[in-house]
Amino acid sequence: MGVCLQAYLRRTPKDLERLLPLRPAIRLVKGAYSEPSHVAFPKKADVDLAYFALAERLLAEARASRVTPVFGTHDERLIERIRARAAELKAARGIYEFHLLYGIRADAQRRLAAAGEKVRVLISYGTAWFAWYMRRLAERPANIWFVLRNLI
Ligand SMILES: Cc1cc2nc3c(=O)[nH]c(=O)nc-3n(C[C@H](O)[C@H](O)[C@H](O)COP(=O)(O)OP(=O)(O)OC[C@H]3O[C@@H](n4cnc5c(N)ncnc54)[C@H](O)[C@@H]3O)c2cc1C
C-alpha cells in the first residue's frame, strides 16, 4: 500500500517529512483539482519546481531505503530531469518508478522501459471506472478528441 502526494499543495513538503519514518511508498503527482491559492500553487512553473524539489528529496531517501518513490507524471522534461538527478545521486534504477496513465504518452512509456526504467501504466477498472474516466476527460478536454480519434 502507498500514498499519493500532490506537489501543488503548499503543505506537501511537511507531509513528506512526517511520512518518512513510516518508510512509505509515495506516488508523487502534480495535483489535478482546483484549489485556492493559499492551499496550492496556482502557477504551473511553481508546481513543476515543487515537484522537482520533492523528487530530489525522495531520491535521496530512496538511496537509504527509507522510501519507495513513484513519479506519476507525463511531463517528459521533468522525467528527464529526475532521471539525470537519480544518476547523479547514484540511485539505482528500480528503486524508483515512473507511473503514467494508459494511452497517454505511450511512446514515452516504451522509451523509458527500453532505457531500463521501471514503468507502470495506470488503468481504471471496477465499478467506478466511468466516473474516473469522465474526470480525466474533464481535466483535459483535448482528450475527447483523442478518444474519438482512437474509436474511429
Ligand atoms: C499515475 C498517475 C496517478 C495520478 N493520481 C493522481 C491522484 O491521486 N490525485 C491527483 O490529484 N492527481 C493524480 N494524477 C494527475 C496529476 O496530478 C496531474 O494532474 C496529471 O498527471 C497532469 O500532470 P503531468 O504531471 O502529467 O504534467 P503536465 O505538465 O500537466 O503534462 C505534461 C504533458 O503530458 C500530457 N498530459 C498530461 N496529462 C494528460 C491527460 N490527462 N491527457 C492527455 N495528455 C496529458 C500533455 O501532453 C502535457 O503537455 C495522477 C497522474 C498519474 C500519471
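Here, every reference points to the structure presented above.
Thresholds applied
- Residues numbered from 1 in each chain as written.
- Predicted model: local features only at pLDDT ≥ 70, side-chain atom pairs only at ≥ 80, totals over all residues.
- Heavy atoms only, no water.
- Near = heavy atom within 4 Å.
- Polar contact = N/O pair within 3.5 Å; in protein donor to acceptor, adjacent residues only side chain to side chain.
- Areas by Shrake-Rupley, 256 points an atom, 1.4 Å probe, with all protein chains shown as cover.
- Helix = DSSP H or I, 4+ residues; strand = E, 2+ residues; numbered from the N terminus.
- Pairing = 2+ DSSP bridges.
- Axes fitted to C-alpha atoms, helices over the stretch in contact; angles between N-to-C directions.
- Core = buried A, V, L, I, M, F, W, Y, C linked by side-chain atoms within 4.5 Å.
- Buried < 20%, exposed > 50% of the residue type's maximum accessible area, 1.4 Å probe, protein only.
- Contact = heavy atoms within 4.5 Å.
- Expected span 1.5 Å × (residues − 1).

Student: For this particular structure, what's the right way to read the site of the ligand?
Tutor: Around the ligand sit 22 residues, and of these Q6, G31, K44, T73 and R105 come closest. A distance of 3.0 Å is found between an oxygen atom of the ligand and a backbone nitrogen or oxygen belonging to A32. Taking T73, its side chain carries an N or O atom lying 2.6 Å from an oxygen atom of the ligand. Relative to its unbound accessible surface of 920 Å², the ligand loses 81% to contact with the protein. At the level of elements, β1 (3-6), β2 (25-29) and β4 (97-101) are the ones that each hand at least two residues to the shell around the ligand. The element contributing the most residues to the shell around the ligand is β4, with three residues.

Student: When you look at the sheet that holds β2 in this model, what are you seeing that I'm missing?
Tutor: Strand order in the open sheet formed by five strands is β1-β2-β3-β4-β5, and the pairing between neighbours is parallel. If you trace the sheet from one side to the other, it starts and ends with β1 and β5 (119-122), each paired once. The mean inter-strand angle of the sheet, taken between neighbouring strand axes irrespective of direction, is 30°. Relative to β5, β4 runs parallel, the two being bridged by four bridges. Within β5, the position partnered with F98 by the bridge is V119.

Student: What exactly am I supposed to notice about the nonpolar core here?
Tutor: Nonpolar side chains tend to gather and get buried jointly when the protein is soluble and globular. Of all hydrophobic cores here, the largest spans 26 residues; its most connected members are L28, Y51, L59, F71, I82 and F98. Element by element, the count of residues in this core is highest for helix α2 (residues 44-63), at seven residues. Those residues in contact with L59 that lie beyond four places of it in its chain are F71, I82, R85, A86, L89, A91 and Y96.

Student: So what exactly am I meant to see when it comes to the side chain of E61 here?
Tutor: If you trace the backbone, E61 turns up in helix α2. Among all residues touching E61, those that are not within four sequence positions of it are L20, R66 and V67.

Student: Can you help me understand α2 in this one?
Tutor: An α-helix turns once every 3.6 residues. As a result, residues three or four positions apart point the same way. For α2, spanning 20 residues, the distance from its first C-alpha to its last is 29 Å, which sits close to the expected 28 Å at 1.5 Å a residue. Taken together, the buried positions of α2 are V47, D48, A50, Y51, F52, L54, A55, L58, L59, E61 and A62. The elements touched by buried residues of α2 are α1 (12-19), β2, β3 (68-72) and α3 (76-88). In the segment just after α2, S65 is the residue with positive phi, at about 60°.

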